[in-house]
Structure formats: structure tokens, C-alpha cells
Amino acid sequence: MLFFDQTLPTLPENLALDEALLLDAESGGPEVLRLWQWPAHAVVLGAGGRIADDVHEDACRADGVPILRRSSGGGTVLLGPGCLLYSLILRFDRAPALADLHASYRFIFETLLDGLRPHATPLALQGTSDLTLANRKFSGNSQQRKRTHLLHHGTLLYAFDATPIPRYLKPPPRQPEYRQQRDHTEFVTNLPIALKVLTRVLREVWRADEELREWPAASVWQLVAEKYEREEWIRRR
């Protein structure tokens, strides 16, 4: 697997890059572990998310917080400083579990948790796709799946200020049982792991030793123009 530590200049480009890496892998490209961060607040919906259900749009507009949509499913998230975003491009034939959606989550999470547990405890998989520390969420995840590969990406909170979340995000209409109706600030937490250590752990557990030197830039720009910057995509629901 190749390692790609890359944040592009605009948020649509970063969302498009994940999908472009998946499409590149489908065409014979490599498996990739990508890490990136976004320096300001931004709201990102899942492919099936509804702005009216998930987002305080007036507050976002007043504060200049952009609203965008990614290609994978899952819930709406607030990005910002102290939130590490990771993306995995994996072949289905890497492990039998990856061919099944739910089994693939377990396989990926078990790999991640094995690397994180020496640095924080107690860690667990809860709900459908959440990772938790002491019953509080530090990672939300989602997938996009193609014929031979999947894109699994998620957030890892390590120094994130959760205070602004209720201003921009509504309580989700569907909540995992373990959340117990807690508001955003009581529900999420940070991993007590420095960014440098977190990066090292991710690279080690996925054996991402070599750097990705060439990335599908043309595909990124095409996806941005045709999808990620378009209101028809962002406001599709």
C-alpha cells in the first residue's frame, strides 16, 4: 500500500480526490492510505444526507461555513482544525471480509484499533460505523464500493473543539442506541494521541511504507467540475 499525505487547495478538490483514487484503483492503480486535514470549519454531507434534516443552514451562511457533499454514505460531519481525515483504497481480494459491507467495517476497524489501543483505552466499535473512546465517539466512517475496490474514509478527532458543532449541525434524525440522545458536545471526544503518533500508527497498521508519487489530477478536476462544485450535487436532497 502507498502513503499519500496530501491536502489540496479547495474542499471540493479534496472530496474529489478520494473518489479519483478509487476510480484509479479500479483501472489498475494502487491501494492507498491518504491523510489530510482542513484548516477551517466546513460541513460535509453523506451522499444520501438531507440538508434540511442535518444542517443549520442559516448559521453556516452567516459564518461563511461551506456545505458540501461527499460520494460515500454515512452521516453529516463538521470538519475543522484537530480533525484528521483518513482514506483507504482497498482491493476486495486483500481479505475475504472486504467483499461484504458489514464484515469490511469490522476488518478495517479491528486493524485500526489494534494499532490505537496501546495509546488509548477503552476503545470500541459501536453503532454501525463509529469508533469510541470510553463510550464517546472519536471517529465516524463511511464507504463507497465499486467492482474490485472500496473507498473507506473517516474522521479521527485528536484536538478538535466540539463546541461549534451544535451551531452548524442539527441532532441527527437517526442515532445509534449507545448515543442515548446526548448532544454533540457530550457525545464526541478526542483521542489523546498526538498527530505525529497517530500518523505513524496508521502507516504501520496498513504497512503504507512507500509514498504515492503520481496521483490522478485530471480525474480530480473533472470530478470537481462535473460534481463536487455543482449545486445540483450538493443540494440533491
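Please refer to the structure higher up on the page.
Residues numbered from 1 in each chain as written. Predicted model: local features only at pLDDT ≥ 70, side-chain atom pairs only at ≥ 80, totals over all residues. Heavy atoms only, no water.

A few points about the overall build of the protein
As a reminder of what qualifies: The helix and strand labels rest on DSSP assignments: H or I over at least four residues marks a helix, E over at least two residues marks a strand, and numbering proceeds from the N terminus. We compute the radius of gyration from the C-alpha atoms alone; for a globule the expected value is 2.2 Å times N to the 0.38, where N is the number of residues. Note on classification: 1.4 Å probe, protein chains only; a residue is buried when its accessible area is under 20% of the maximum for its type, exposed when over 50%, partly exposed between these limits. By definition, residues are in contact when any of their heavy atoms lie within 4.5 Å. Exposure was quantified through the Shrake-Rupley algorithm and a 1.4 Å probe, taking into account, for residues, occlusion by the shown protein chains and nothing else. Asp and Glu count as negative and Lys and Arg as positive, but His and the ends of the chain are not part of the count. In this description, the location of a charge corresponds to atom NZ of lysine, CZ of arginine, CG of aspartate or CD of glutamate.
Each helix and strand counted, the protein has 9 helices and 11 strands in total. Against the globule reference of 18 Å for 237 residues, the protein gives a C-alpha radius of gyration of 17 Å, in line with a compact fold. Out of the 237 residues in the protein, the part that is buried amounts to 53%. Sequence-distant contacts, at least 24 apart, represent 74% of the contacts inside the protein between residues at least 6 apart. Taken as a whole, the protein presents about 11,100 Å² of accessible surface, with 49% of it coming from carbon and sulfur. Taking the average location of the 29 positive side-chain charges in the protein and that of its 30 negative ones, the two points are 3 Å from each other.

Here we look at helix H7 (residues 195-205)
Counting along an α-helix, one turn takes 3.6 residues, and residues three or four places apart therefore face a common direction. Under the convention used in this document: This arc is taken over the directions from the axis of the helix to the C-beta atoms.
Every buried residue of H7 is accounted for by Leu198, Thr199, Val201 and Leu202. One side of H7 carries all its buried residues, which in axial view fall inside an arc of 160°. Set apart from the buried face of H7 by more than 90 degrees, the exposed residues are Lys196 and Glu204. On its buried face, H7 is in contact with strand S1 (2-5), strand S2 (32-36), strand S6 (83-91), helix H4 (101-116) and strand S10 (149-157). With its phi angle positive at about 55°, Arg207 sits one or two positions after the end of H7.

Some thoughts on unusual backbone geometry
Thr121 connects to Pro122 through a cis peptide bond whose omega is 0°. Mapped onto the elements of the fold, Pro122 is located in the loop between H4 and strand S7 (123-126). A positive phi is found at Arg207, a non-glycine position, where the angle reads about 55°. Mapped onto the elements, Arg207 comes out in the loop between H7 and strand S11 (210-211). The exposed category is assigned to Arg207, whose relative accessible area is 67%.

Focus on the side chain of Lys227
Under the convention used in this document: Here a polar contact means two N or O atoms within 3.5 Å. Within protein one must be a hydrogen donor candidate and the other an acceptor candidate, and residues neighboring in sequence count only if both atoms are side-chain atoms.
Here Lys227 shows up in helix H8 (residues 217-228). In this structure the side chain of Lys227 is engaged in a polar contact, spanning 3.0 Å, whose partner is the side chain of Glu19. The residues contacting Lys227, other than those within four sequence positions of it, are Glu19, Ser71 and Trp233.

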